[in-house]
Amino acid sequence: MTGTHCVEKIGGTSMAATSTVFENVLIAGREGADLYNRIFVVSAYAGMTDLLLERKKDGAPGVHGHFVRNETPGAWRTALTDVLGAMWARNAEIFARPESREEADRFVAGRVAALEACLDDLDRLRGHGHFCLTEQVSTLREMLAGLGEAHAAHSTALLLRDRGVNAVFVDLSVWNHDDLVGLDERIRTAFASIDLSREMPIVTGYAGCEGGMVRRYARGYSEMTFSRIAVVTGAREAIIHKEFHLSSADPRLVGEDRARKIGSTNYDVADQLANLGMEAIHPRAGRGLRQSGIPLRVRNTFERHDEGTLIEGDYVSKAPRVEIVTGLASVQALQFFEQDMVGEKGYDAAILETLTRHGAWIVSKSSNANTITHYLSGTGNERAAQIVDDLRGQWPGSVVTAQEFAMVSVIGSDLSEPGLVSRALAALAKADIDLVALQHQIRNVDVQFIVAAKDFEGAVRALHAALVETGGATARAAA
């Protein structure tokens, strides 16, 4: 590979707006040779992975969930039929040429039939009661995830060929236990015979490989595929097309007219966003791009002529400025107090082991002579209570508590502007918001404000107004 090409990923919500994706991304006014030297990695159409696995928002079961729970015999079969119906309905919406629609329908029908046969075999096997299917059920999850991506990539390649583009369907989702190679090796093999100067690869976001993509990266697997393709093929740039700009705050909170496109930032900022669960890109995917020196561009699918936000490894704003105000509406502040901790070692490691065992996501932490506080995301009251009980059992003399708060984080590639924190505190005080705690690292990339959960939205608006919309002289100069 020459490094003259780019690798682009289209998310599921954008994929659902098929005509817009063609007009603004896939073709976007290009002709002839200008169409090529681009690799597209596509996610499943919006909602498909929810039907196949489980609904991301609330965990409502899809095919996989129904099969694992087995609460209603045959429910998984109905769910799989619903998937096929949804895929055929999508094909009916996007294909104008009957022959192409028929080919797309046959493709997904064949894949669904193969999955149904596999599920039937597993269902009969577990009916004997002598078999543990843990490994097989995990493998099934991988197969189901791949179906959604294969449908989207296959249909997109067909639609492009109908428009005269030499598109190639690259199906990384097909695998078996005889060829479970690493992800990079699977990519190299798939692209070995592709001429990027005259072919446009449309690649499944799921790749069957050693270790399992879903098992290792959960629902962020398509970004890992995208990242590794960029690294392995030596792309000059990686581009993610989303349904929104990477903005200075959630426009729904601060208002469409107040939120600003970031424009430029670095991978350190992207990591801070990922830590808060608001990913510009999956942290492990971003790591590969950063280490290979490949810049990442985040573009808005619905704004064709806007270049979006460029994320680079060495970018630092010309003058200190706040780039993003965001956060978590609910975090559990797990506070461990032990009077005898002073001068003793081992407490921190043991607490971390306990949190790991309970599957807690640590957003931030602080400590002093006899207190260690961890701020946990995605940990409800019930799990927090279990962690508290566990720690109290290990240290009967300790005082362990868990309280719900909100965390608002001010993030930027350089937050060294004098007086920034004092202006932030003044803005919160003016909004009648009491500060519970504050975290400010020497690296000057983020400042975290802990406030009452009820004050989350108000704190975001107040800090955004003071630090982004008005800001100081240096912030305005950098904008």
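Our subject is the structure that appears above.
Residues numbered from 1 in each chain as written. Predicted model: local features only at pLDDT ≥ 70, side-chain atom pairs only at ≥ 80, totals over all residues. Heavy atoms only, no water.

**A few points about helix α12 (residues 267-275)**
Here's step 1: Within α12, 8 of the 9 residues are buried, which leaves it mostly tucked inside the rest of the structure.
Here's step 2: Of the residues making up α12, those classed as buried are Y267, D268, V269, A270, Q272, L273, A274 and N275.
Here's step 3: Its side-chain oxygen placed 3.1 Å from the backbone nitrogen of D268, N266 serves as the N-cap of α12.
Here's step 4: One or two steps after α12, the chain reaches G277, where phi turns positive at roughly 80 degrees. (Buried < 20%, exposed > 50% of the residue type's maximum accessible area, 1.4 Å probe, protein only. Helix = DSSP H or I, 4+ residues; strand = E, 2+ residues; numbered from the N terminus. Polar contact = N/O pair within 3.5 Å; in protein donor to acceptor, adjacent residues only side chain to side chain.)

**Points about the nonpolar core**
Here's step 1: Grouped together as the largest cluster of nonpolar side chains are 100 residues, with contacts concentrated most on L160, I202, F226, I229, L289 and L296.
Here's step 2: Take this core: its biggest share by element is 11 residues, from helix α7 (residues 134-162).
Here's step 3: If we skip the residues at most four places from it in the chain, F226 touches V7, E8, K9, V41, A238, I239, I240, I281, L289 and L296.
Here's step 4: V325, V447, F449 and F456 belong to the second-largest nonpolar core, a separate cluster that totals 25 residues. (Core = buried A, V, L, I, M, F, W, Y, C linked by side-chain atoms within 4.5 Å. Contact = heavy atoms within 4.5 Å.)

**Some details on the side chain of S14**
Here's step 1: You can see S14 is positioned in helix α1 (residues 12-16).
Here's step 2: Looking at S14, the relative accessible area reads 0%, which means it is buried.
Here's step 3: Excluding anything up to four places from it in sequence, S14 contacts V21, H241, K242, E243 and T301.

**So, the pattern of salt bridges**
Here's step 1: Scanning all chains against the criterion turns up 23 salt bridges.
Here's step 2: The salt bridge partner of E54 is R141, with a shortest N-O separation of 2.7 Å. Of this pair, E54 sits in the loop between α3 (48-52) and α4 (63-69) while R141 is found in helix α7, placing the two residues 87 residues apart along the sequence. Just as E54 is buried, R141 falls in that class too.
Here's step 3: Its salt-bridge partner being D455, residue K454 comes within 3.2 Å of it at the nearest N-O pair.
Here's step 4: Residue K454 is classed as exposed on the basis of its relative accessible area of 71%. (Salt bridge = Lys/Arg side-chain N within 4 Å of Asp/Glu carboxyl O.)

**Some words on the pairing of strand β10 (residues 361-367)**
Here's step 1: By the bridge criterion, 6 bridges tie β10 to strand β11 (residues 371-377) in an arrangement that is antiparallel. Across the sheet, residue S364 finds its bridge partner in β11, namely Y375.
Here's step 2: Hairpin connection from β10 to β11: 3 residues lie between these consecutive antiparallel strands. (Pairing = 2+ DSSP bridges.)

**Thoughts on unusual backbone geometry**
Here's step 1: The phi angle at A28 is positive, at roughly 50 degrees, despite the residue not being glycine.
Here's step 2: Relative to the helices and strands, A28 is located in the loop between α2 (18-26) and β2 (38-42).
Here's step 3: Residue A28 is classed as buried on the basis of its relative accessible area, which comes to 15%.
Here's step 4: At D432, a position not held by glycine, the phi torsion is positive, near 60 degrees.
Here's step 5: Secondary-structure assignment places D432 in the loop between α16 (420-430) and β13 (435-440).
Here's step 6: For D432, a relative accessible area of 67% gives the class exposed.

**Side note on the packing of α16 against helix α17 (residues 456-470)**
Here's step 1: Where α16 meets α17, the closest approach of the two axes is 9 Å, and the angle between their N-to-C directions is 135 degrees. Classified by the angle their axes make, α16 and α17 are oblique. Judged by the sense of rotation from one axis to the other, the crossing of α16 with α17 is right-handed. Taken together, the residues of α17 that come into contact with α16 (itself represented by L420, R423, A424, A427 and L428) are A459, A462, L463, A466 and L467.
Here's step 2: In terms of residue class, the contact of α16 with α17 is made up of 9 nonpolar, no polar and 1 charged. (Axes fitted to C-alpha atoms, helices over the stretch in contact; angles between N-to-C directions. Parallel < 35°, antiparallel > 145°, perpendicular 65-115°, else oblique. Left-handed = near helix turned anticlockwise from the far one by under 90°. Nonpolar A, V, L, I, M, F, W, Y, C, P; charged D, E, K, R; others polar.)

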